[in-house]
Amino acid sequence: MEQEAVVALIKDLTTRLHAVAAEFSGRAEQAVVVRGSDEAGAANIDHRARAVRLLDERRARRDFLPDELFHEPAWDMLLALYVAHVDRRTLNVKTLVACADAPVTTSQRWIDHLAKLKLLDRVADPLDRRRIEVSLSDTGVAAVSRYLEHAVR
């Protein structure tokens, strides 16, 4: 009986920890941390704002034109991962799939492809090994940053 109580306690604590993590993740999405006044930090914030604008613009197109005209889940994923990188947070596969506005299987194929191109990293969640955390790799951050810098000019 004691073993069942311990298992129940562990499950309860795991559920509570996930709830706390989700709460902090939600708050992180609403806040942008600016570190001092260094130019790199300011550039990241500018690039973040541009990435958010691009994502918003891409979604807005669907309000006026048919969805099938704008199907580029890899780019949506890269932009969402860039914003998460600047916000110092990771996304899980489920959240990233939702950002792509594509079927789950299509999105997962793109995640695999982006990983093969070394643009993103995947790591098992230490609290729930079934959950995979996804973030831009250093190569991915550099590539998206260079694009956003170019797009601003």
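Residues numbered from 1 in each chain as written. Predicted model: local features only at pLDDT ≥ 70, side-chain atom pairs only at ≥ 80, totals over all residues. Heavy atoms only, no water.

Attention now moves to the pattern of salt bridges. Scanning all chains against the criterion turns up 7 salt bridges. Linking D87 and R89 is a salt bridge whose minimum nitrogen-to-oxygen distance equals 3.7 Å. Assigned by exposure class, D87 and R89 land together as buried. Within this structure, R48, D87 and R89 form a network of salt bridges that share partners. (Salt bridge = Lys/Arg side-chain N within 4 Å of Asp/Glu carboxyl O. Buried < 20%, exposed > 50% of the residue type's maximum accessible area, 1.4 Å probe, protein only.)

For strand β1 (residues 91-92) and strand β3 (residues 132-136), the ladder comprises 2 bridges, and the chain directions are antiparallel. Bridge pairing links N92 to E133 in β3. Pairing geometry for strand β2 (residues 120-124) and β3, over 5 bridges, is antiparallel. Bridge pairing in β3 links A124 to I132. (Pairing = 2+ DSSP bridges. Helix = DSSP H or I, 4+ residues; strand = E, 2+ residues; numbered from the N terminus.)

Let's shift gears to helix α4 (residues 93-100). Inspection of α4 places V93, L96, V97, C99 and A100 among the buried residues, and these make up the whole buried set. Projected down its long axis, α4 shows its buried positions confined to an angular sector of 155°, all on one face. Away from its buried face by more than 90 degrees, α4 exposes K94 and A98. The opening residue of α4, the one whose side-chain oxygen lies 3.1 Å from the backbone nitrogen of K94, is N92. Two residues or fewer past α4, D101 is found with a positive phi of approximately 50°. (Arc of directions from axis to C-beta. Polar contact = N/O pair within 3.5 Å; in protein donor to acceptor, adjacent residues only side chain to side chain.)

On to the packing of aromatic side chains, then. Going through the model one piece at a time under the given rule, you end up with 1 aromatic pair. Geometrically, the ring pair formed by W75 and Y147 is edge-to-face, given 5.0 Å between the ring centres and 85° between the ring planes. Here the residue W75 occupies a position in helix α3 (residues 73-86), and Y147 occupies one in helix α6 (residues 138-152), the gap between them amounting to 72 residues. With relative accessibility at 18%, the residue W75 sits in the buried group. (Phe/Tyr/Trp six-rings, centres within 6.5 Å; stacked < 30°, edge-to-face > 60°.)

Now for the confidence of the model for the protein chain. Per-residue confidence for the protein chain gives a mean pLDDT of 80; residues scoring 70 or more make up 78%. The low-confidence segment residues 29-39, where pLDDT is below 50, has 10 contacts with residues more than four positions distant or belonging to other chains. (pLDDT = per-residue confidence, 0-100. Contact = heavy atoms within 4.5 Å.)

Turning our attention to unusual backbone geometry. Phi is positive for R88, close to 60°, though the residue is something other than glycine. On the secondary structure map, R88 appears in the loop between α3 and β1. Classification of R88 as exposed rests on a relative accessible area of 61%. Of note in the backbone geometry, D101 takes a positive phi value of approximately 50° without being a glycine.

So, on to the packing of α3 against helix α5 (residues 104-116). At a minimum axis separation of 10 Å, α3 and α5 run at an interaxial angle of 65°. In terms of orientation, α3 and α5 fall into the roughly perpendicular class. As α3 packs across α5, the resulting crossing turns out to be right-handed. Residues P73, A74, M77 and L78 of α3 form the contact with α5, whose own contacting residues are T106, S107, W110, I111 and L114. For the contact of α3 with α5, the class distribution of residues is 7 nonpolar, 2 polar and no charged. (Axes fitted to C-alpha atoms, helices over the stretch in contact; angles between N-to-C directions. Parallel < 35°, antiparallel > 145°, perpendicular 65-115°, else oblique. Left-handed = near helix turned anticlockwise from the far one by under 90°. Nonpolar A, V, L, I, M, F, W, Y, C, P; charged D, E, K, R; others polar.)

Mapped onto the fold, H71 is located in the loop between α2 (39-61) and α3. A relative accessible area of 46% means that H71 is categorised as partly exposed. Separated by 31 residues in sequence, H71 and A102 place their C-alpha atoms 7.7 Å apart.

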